[in-house]
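An overview of the molecular structure
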Amino acid sequence: MEGNTHSRDLLRKIKEITLWILDNLSQGRSPLIGIQRFRTYCTDLGSNCNCSSIKPNGHEILTFQKESHVYRIDVLLRVLLIVQQLLQENKHGSKRDIYYMHPSVFSDQSVVDRAINDICILLQCSRHNLNVVSVGNGLVMGWLRFFEGGRKFDCINSPNTAHTIPVLVEEVKDIVSVAQYILVVEKESVFQRLANDQFCSKNRCIVITGRGYPDVPTRRFLRLLVEQLCLPVYCLVDCDPYGFDILATYRFGSMQMAYDAKFLRVPQIQWLGAFPSDSDYYGLPKQCLLPLTTEDKRKTEAMLLRCYLHQEKPDWRLELELILQRGVKFEIEALSVHSLSFLSDVYIPSKIKEGTYICHI
Ligand SMILES: [Zn+2]
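Residues numbered from 1 in each chain as written. Predicted model: local features only at pLDDT ≥ 70, side-chain atom pairs only at ≥ 80, totals over all residues.

If you check an unreviewed UniProt entry, the protein appears there as DNA topoisomerase (ATP-hydrolyzing) from Corchorus capsularis.

1. A few points about the overall build of the protein
Note the cut-off: Labels follow the DSSP assignment, with helices taken as runs of H or I lasting at least four residues and strands as runs of E lasting at least two, numbered in each case from the N terminus. Atoms considered for the radius of gyration are the C-alpha atoms alone. The globule rule reads 2.2 Å times the number of residues to the power 0.38. Residues are called buried when their C-beta atom has 20 or more other C-beta atoms within 10 Å, exposed when it has 12 or fewer, and partly exposed otherwise; all C-beta atoms are positioned from the backbone. Here, residue contact means that the backbone-derived C-beta atoms of the two residues sit within 7 Å.
Per the secondary structure count, the protein includes 14 helices and 15 strands. Against the 2.2 N^0.38 benchmark of 21 Å for 361 residues, the protein shows a C-alpha radius of gyration of 22 Å, consistent with a compact globule. C-alpha extents for the protein along the principal axes are approximately 75 × 50 × 35 Å. When each of the 361 residues of the protein is scored for burial, the buried share is 36%. Nonlocal contacts in the protein, meaning residues at least 24 apart in sequence, comprise 72% of its contacts between residues at least 6 apart.

2. Concerning the environment of Asp-154
By secondary structure assignment, the location of Asp-154 is in strand E7 (residues 151–154). The partly exposed category is assigned to Asp-154, around which 14 C-beta atoms lie within 10 Å.

3. Focus on the environment of Leu-87
Tracing the sequence through the fold places Leu-87 in helix H2 (residues 67–89). Sequence separation of Leu-87 and Leu-139 is 52 residues, and the distance between their C-alpha atoms is 28 Å. Non-local contacts of Leu-87, meaning those with residues more than four positions away in its chain, are made with Ser-7, Leu-10, Leu-11 and Asn-131.

4. Side note on the UniProt feature "active site" (unreviewed entry) in the protein
Rules: UniProt positions are given in the numbering used here, feature names are shortened, and annotations may be inferred rather than shown by experiment.
Residues annotated in UniProt with the feature "active site" (unreviewed entry) correspond here to Tyr-100. Mapped onto the elements, Tyr-100 comes out in the loop between helix H3 (95–99) and helix H4 (109–123).

5. What about helix H5 (residues 188–196)?
Buried residues of H5: Val-190, Phe-191, Arg-193, Leu-194 and Ala-195, and no others. Structurally, H5 contributes buried residues whose contacts are with strand E5 (139–142), strand E10 (181–185), helix H6 (199–202), strand E11 (205–209), strand E12 (233–236) and helix H14 (342–354).

6. A closer look at the sheet that holds strand E13 (residues 270–273)
Quick note on the threshold: One bridge is not enough; two strands pair if DSSP finds at least two bridges between them.
Taken together, the six strands give an open sheet; going across it, the order is E8-E5-E11-E10-E12-E13, and neighbouring strands pair in mixed fashion. Taken across any chain shown, the strands that pair with only one partner, and hence form the sheet edges, are strand E8 (163–164) and E13. Bridge count for E5 against E11 is four bridges, and the pairing is antiparallel. Residue pairing across strands places Leu-139 opposite Thr-209, the latter belonging to E11.

7. A short note on the UniProt feature "domain: Spo11/DNA topoisomerase VI subunit A N-terminal" (unreviewed entry) in the protein
When the UniProt feature table is mapped onto this chain, "domain: Spo11/DNA topoisomerase VI subunit A N-terminal" (unreviewed entry) is found at residues 72–132. Summarising residues 72–132: 62% helix, 5% strand, and an end-to-end C-alpha distance of 19 Å.

8. A look at the sheet that holds strand E6 (residues 144–148)
Rules: Geometry is summarised by axes, namely lines fitted to C-alpha atoms with helices restricted to the contacting stretch, and by angles between N-to-C directions that run from 0 to 180 degrees.
Pairing is antiparallel in the open sheet, where three strands are placed in the order E7-E6-E9. In this open sheet, the two edge strands, each paired with only one partner strand, are E7 and strand E9 (172–177). Averaged over all neighbouring strand pairs, the angle between strand axes comes to 10°, with direction disregarded. Sheet topology places E6 next to E9; four bridges connect them, and they run antiparallel. Residue pairing across strands places Phe-147 opposite Lys-173, the latter belonging to E9.

9. With respect to unusual backbone geometry
Peptide bonds are, in most cases, trans, and in most cases residues other than glycine have a negative phi. A cis geometry characterises the amide bond from Gly-273 onward to Ala-274, with omega recorded as -5°. Tracing the backbone through its elements, the reader meets Ala-274 in the loop between E13 and helix H10 (278–281). At Asp-174, a residue that is not glycine, the phi angle is positive and equals roughly 50°. Even without being a glycine, Arg-211 presents a positive backbone phi close to 50°. Along the chain, the position of Arg-211 falls in the loop between E11 and helix H7 (216–229). What makes Arg-211 partly exposed here is the crowd of 16 C-beta atoms within 10 Å.

10. Regarding H14
Since there are 3.6 residues in each turn of an α-helix, residues three or four apart along the chain are aligned in direction. Taken together, the buried positions of H14 are occupied by Leu-343, Ser-344, Tyr-347 and Ile-348. The inward-facing, buried residues of H14 contact E10, H5 and H6. Phi for Gly-355, located one or two positions after H14, is positive at around 70°.

11. So, the pairing of E12
On E12, burial covers both faces: Val-233 and Cys-235 on one face and Tyr-234 and Leu-236 on the other are all buried. Both E10 and E12 contribute to a ladder of four bridges, which runs parallel. By the bridge assignment for E12, Val-185 is matched with Leu-236. Note: E12 against E13, three bridges, orientation parallel.

12. What about the nonpolar core?
Across soluble globular proteins, you tend to see nonpolar side chains buried next to one another. Rules: Put simply, a nonpolar core is buried Ala, Val, Leu, Ile, Met, Phe, Trp, Tyr and Cys residues tied into one set by C-beta atoms within 7 Å. By convention here, the domain bounds are inherited from an automatic or database domain assignment.
Judged by nonpolar contacts, the single largest core of 88 residues is most densely connected at Val-79, Ile-119, Val-184, Val-207 and Cys-235. In terms of residue count, the dominant contributor to this core is H4 (seven residues). The residue makeup of this core includes at least three contributed by each of domain 1 (7–133) and domain 2 (139–354). Not counting chain neighbours up to four residues away, the residues in contact with Val-207 comprise Met-141, Gly-142, Leu-183, Val-185, Phe-191, Leu-194, Phe-199 and Cys-200.

13. A word on the packing of helix H1 (residues 7–26) against H2
To be explicit about the condition: Note that the term roughly parallel is reserved for angles under 35 degrees, roughly antiparallel for angles over 145, roughly perpendicular for angles of 65 to 115, and oblique for everything else. Two helices crossing with the near one rotated counterclockwise from the far one by less than a right angle form a left-handed crossing, whereas a clockwise rotation gives a right-handed crossing. Residue classes follow a fixed rule: Ala, Val, Leu, Ile, Met, Phe, Trp, Tyr, Cys and Pro count as nonpolar, while Asp, Glu, Lys and Arg count as charged, and any other residue, Gly among them, counts as polar.
The contact between H1 and H2 brings their axes to 10 Å, and the two run at 150°. Classed by the angle they form, the pair H1 and H2 counts as roughly antiparallel. Read as a crossing pair, H1 and H2 show a hand that is left-handed. In contact with Ser-7, Leu-10, Leu-11 and Ile-14 of H1, H2 contributes Leu-80, Gln-84, Leu-87 and Gln-88. For the contact of H1 with H2, the class distribution of residues is five nonpolar, three polar and no charged.

Pasting the structure below:
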């Protein structure tokens, strides 16, 4: 849906949609607003689903005859008006800014988020095309230099210094790198550990973190780097269901933004660790292993049913099954039990050198 989606075209579509709704209402008709539904996965393992193909999986019809729909349409039109203003004035706003334009109507941020997703589907565009941006959570460091809107990001000059990932990824230009690979780490604490250990001085790489579940700019930025630099990309997450889900978000995209997964996922990503077997292999003491909670087990069981794991990543699925069988989890930082810089000096370099990661198929 990305590509040459210009503001002018979007403004024209917004005008067409609102005029069409008004026209129907003025003639006493209730317009039926069809919104396509997309998904990144299903749990219907018996069928040949098309979850990865980004074709829609059905659609929803919003009508003025249902009270809950009237509220959704009200929110949708209010957000559409704000988007129209952003586009007309060539300004950017965050989802949070939009929420605060009508906090009493938008009872919750999620209401606004859903309206923004619905608008992207209706207008067939990506969120950034609406001039709606995230606050930006991601960090990057390493052997990289680029420009964003005339601003120079010279990470090479000081490869162990964290830079905020630019929010306007479409304005990132002139990417130069001498890195040999990209390492994505789940947590900021691990990123800081690597920065303190001067990891990028000792290893020619780029390190990125989305600080938990990655936001849209982090995923788009990572994708841009992978496409332009053609480097291998590895992912390091905690050995628990949340770490696995974050890995899956980078690889397959999130369900909320399934309509745009094609532009957000990174199919090349390889899972570097931590694997359940790492606890034995690296001799983690028992006190580093925490029992899975009821919620962890429920989340893991639900993830095991996802169709994309069965179809595309059976090896990842086996490791996830192993977490459930062993009934324990551990954080990446647990590997520091041997020495503070064990991750930087031993774990990551040896995994990359020896290839003891699960390759993408
Ligand atoms: Zn499916």
